[in-house]
Amino acid sequence: MHYLCMITLLIASATAFTNNLNRLLLDFDLSQTDLSEVDEKWIEQPLDHFDSKEKRTFKMRYFENLQFWQPNAPIIVFIGGESEQDPRWVSNHDIFLTVKMAKETHGALFATEHRYYGKSKPDISQDNTIEYYKFLSSHQALEDLASLIKMLKSNSKYKSSKVVVVGGSYSGSLAAWMRELHPELVDAALSSSAPVLAKKDFQEYLDTVRYTFGKYGSDGCLDKIKNYFKVDEDLLKTPEGREELKKKYNICPEVDMAVLENQQFFFYWFEYTNLKLISQYGLPQNVKAWCGQKRQYQLEIKPIWQGGCNNLDFKSYDWTKQNFAEWIYQTCTEFGYEQTTSSEKQPFVHWNPLEFLLKFCKGFVNGDIEKTIDEGVARTNKRYGGLTPNVTKVVFTHGDMDPWHPLGVLQDLGPDAPVIMTNGTSHCGVLGVKRGEPEEMKKDRKHVTELIIKWISQ
Ligand SMILES: *[C@@H]1O[C@H](CO)[C@@H](O)[C@H](O)[C@H]1NC(C)=O
Ligand SMILES: *[C@@H]1O[C@H](CO)[C@@H](O)[C@H](O)[C@H]1NC(C)=O
């Protein structure tokens, strides 16, 4: 069951690059979803908010649910991040915090789709990748949100409505930054599991995975993991061993596993990705179950599953053609977030150094990759303030198991910008009720709602 779930998500979101909100939906019981009250809408946006000479536009999609609406009640916007927006986030489901908040406040509910993702892609030439992605950035996306909120507020029925923005992961950063850049448009924000600090070598990610397996796994689990690595590392050392490894993982016969980047790619998919996903999306009981189970090898993982075998020939890939290319572009030009094995504190050996992970940026940047990331990271942190964004009326929530939390705001920024850390939970746990979540989570979720309601009542 657990593995089934993981295979599905790897096909859907394909990787450790992801801090994809839609992955969360897999853990919710959404069998009763009723989308009849959710409308799909479009708003025309300038392709470039910062250059008035650029006249081209694109259509941005959003969803609207007015079933709880009463006059003077707030507008609540669930911000889309690095994936297609899913209308279920604003369907009538008590599982979702945003929906419950709308019910309690009689709010008008919206969910936006981020530019370049889902159906909100600009209709411009894709012949040149770098030219195509020129208008994809968090800064442009924030202005898209601003123009949407302005458009809504121009409607007399929302004249006295307060505005609340909610987001998780990357869109959690956008929620905090919206309140920071546009306090005149946004009155309060929930920023869940947001990596607000951009960082090139994000070695703390795997440190946190180590913490999660150490704290919540069964005794000896870390040693067990180390042993998995050792067995495969030993196989890689000899020609016979490499043949055996290829059989064990159903790697395509023509792939040369003596090539270093293919070996690094092997560890990326078959070792790190598994561990990362459990830590990022699991609960303590999932970690324990993983530690206890017999190792399985036959993961048919896309996009490396081709023609009946796993293609680990790294040089055969063009990452600009993969369906998560947009997010790779953003990491290469704005955020870094490379989940390296550089840290000495993590026991999972050192098969994914920065120089390997930077290879995914090939084709997305002109010139020197590392320099582009360094400049992007510096620009991002300067623009938004890194770990100390200048905000009030923003609540930052985190789970201790979530490997993204080291890049988040972990200290209260003031009485009206508190941090809530919930132990035994992972990425964006506050946004929806998961089966088997700790009791603490329910209490903290209630606390978040109370804070937001207090802030918009002032
Ligand atoms: C922080 O934001 C407030 C209100 O928006 C503004 O008045 C103040 O100048 C900002 N402080 C800094 C250091 O940017
Ligand atoms: C949460 O876990 C951390 C680290 O393991 C610990 O220091 C802290 O006391 C825990 N908090 C609560 C409320 O249990």
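What you see is a predicted model, and the numbers here were worked out from it, not measured in a lab.

Requested: an account of the packing of helix α3 (residues 97-105) against helix α15 (residues 439-457), with residues and values cited.
For any two helices packed against each other, one specifies the crossing angle of their axes together with the interaxial distance. The interhelical angle for the contact between α3 and α15, taken along N-to-C directions, is 45°, at an axis separation of 11 Å. When the axes of α3 and α15 are compared, the pair comes out oblique. Here the hand of the crossing between α3 and α15 comes out right-handed. Touching Leu97, Met101, Glu104 and Thr105 of α3 are Arg445, Val448, Thr449, Ile452 and Ile453, all from α15.

Can you break down the site of ligand 2 residue by residue, with the values?
All residues adjacent to ligand 2 are Tyr211, Lys215 and Asn423. At a separation of 3.2 Å, an oxygen atom of ligand 2 approaches a polar side-chain atom of tyrosine 211. At 2.9 Å, a side-chain N or O of lysine 215 approaches an oxygen atom of ligand 2. Contact with the protein chains hides 27% of the accessible area of ligand 2, taken as 370 Å² for the molecule alone.

Kindly report on the environment of leucine 181, identifying the contributing residues and their values.
Along the chain, leucine 181 falls in helix α6 (residues 170-181). For leucine 181, a relative accessible area of 26% translates into the label partly exposed. For the pair formed by leucine 181 and leucine 66, sequence separation is 115 residues and the distance between their alpha carbons is 27 Å. For leucine 181, the contacting residues outside a window of four places in its chain are His139, Leu142 and Tyr384.

Describe the domain arrangement of the protein, with residues and values.
The assigned domain composition of the protein is domain 1 (21-197 + 384-457) and domain 2 (200-381). With 41 residues of domain 1 at the interface, the matching set in domain 2 holds 35 residues. Summing both partners gives a buried area of about 3000 Å² for domain 1 against domain 2, and 60% of it is carried by carbon and sulfur. If you look at where domain 1 meets domain 2, you find two salt bridges. A salt bridge links glutamate 326 to lysine 121; the nearest nitrogen and oxygen atoms lie 3.3 Å apart. Here domain 1 and domain 2 share 24 residue pairs in polar contact (both at pLDDT 80 or more) between them. The set of elements that each furnish at least two residues to the side of domain 1 that touches domain 2 consists of α2 (21-25), α4 (129-132), α5 (138-153) and α6.

About the thresholds
Chains are numbered independently. Their residues run from 1 in the order of the written sequence. Here every chain gets a letter starting at A, and every ligand a number starting at 1, in the order they are written. Whole-chain, interface and lining totals are the exception, using all residues; otherwise, since this is a predicted model, local features are given only for residues with pLDDT of at least 70 and side-chain atom pairs are given and counted only at 80 or more. Only hydrogens and water are set aside when side-chain values are computed; all heavy atoms of the structure are taken into account. For helices, the fitted line uses only the C-alpha atoms of the stretch in contact; every axis is such a line through C-alpha atoms, and the angle between N-to-C directions lies from 0 to 180 degrees. Runs of E in the DSSP output that reach at least two residues are strands. Runs of H or I that reach at least four are helices, and both are numbered from the N terminus. Angles are sorted into four bins: roughly parallel if under 35 degrees, roughly antiparallel if over 145, roughly perpendicular if 65 to 115, and oblique for all others. Throughout, a crossing is termed right-handed when the near helix is turned clockwise from the far one, and left-handed when it is turned anticlockwise from it by less than a right angle. The criterion used for residue contact is that any of the two residues' heavy atoms lie within 4.5 Å. One heavy atom suffices: a residue is near a molecule or strand as soon as one of its heavy atoms comes within 4 Å of it. Whenever two N or O atoms come within 3.5 Å, that pair is a polar contact, provided that in protein one can donate a hydrogen and the other can accept it, and provided that, for residues adjacent in sequence, both atoms are side-chain atoms. Residue burial considers only the protein chains on display, and all accessible areas are found by Shrake-Rupley using a 1.4 Å probe. Only protein chains enter the calculation, and the probe is 1.4 Å; a residue is then buried if its accessible area is under 20% of its type maximum, exposed if over 50%, and partly exposed in between. Throughout the structure description, domain borders are defined by an automatic or database domain assignment. Note on definitions: buried area is the accessible-area loss of two parts on being combined, 1.4 Å probe, summed for both. Salt bridges are defined as contacts in which a side-chain nitrogen from Lys or Arg sits within 4 Å of a carboxyl oxygen from Asp or Glu.

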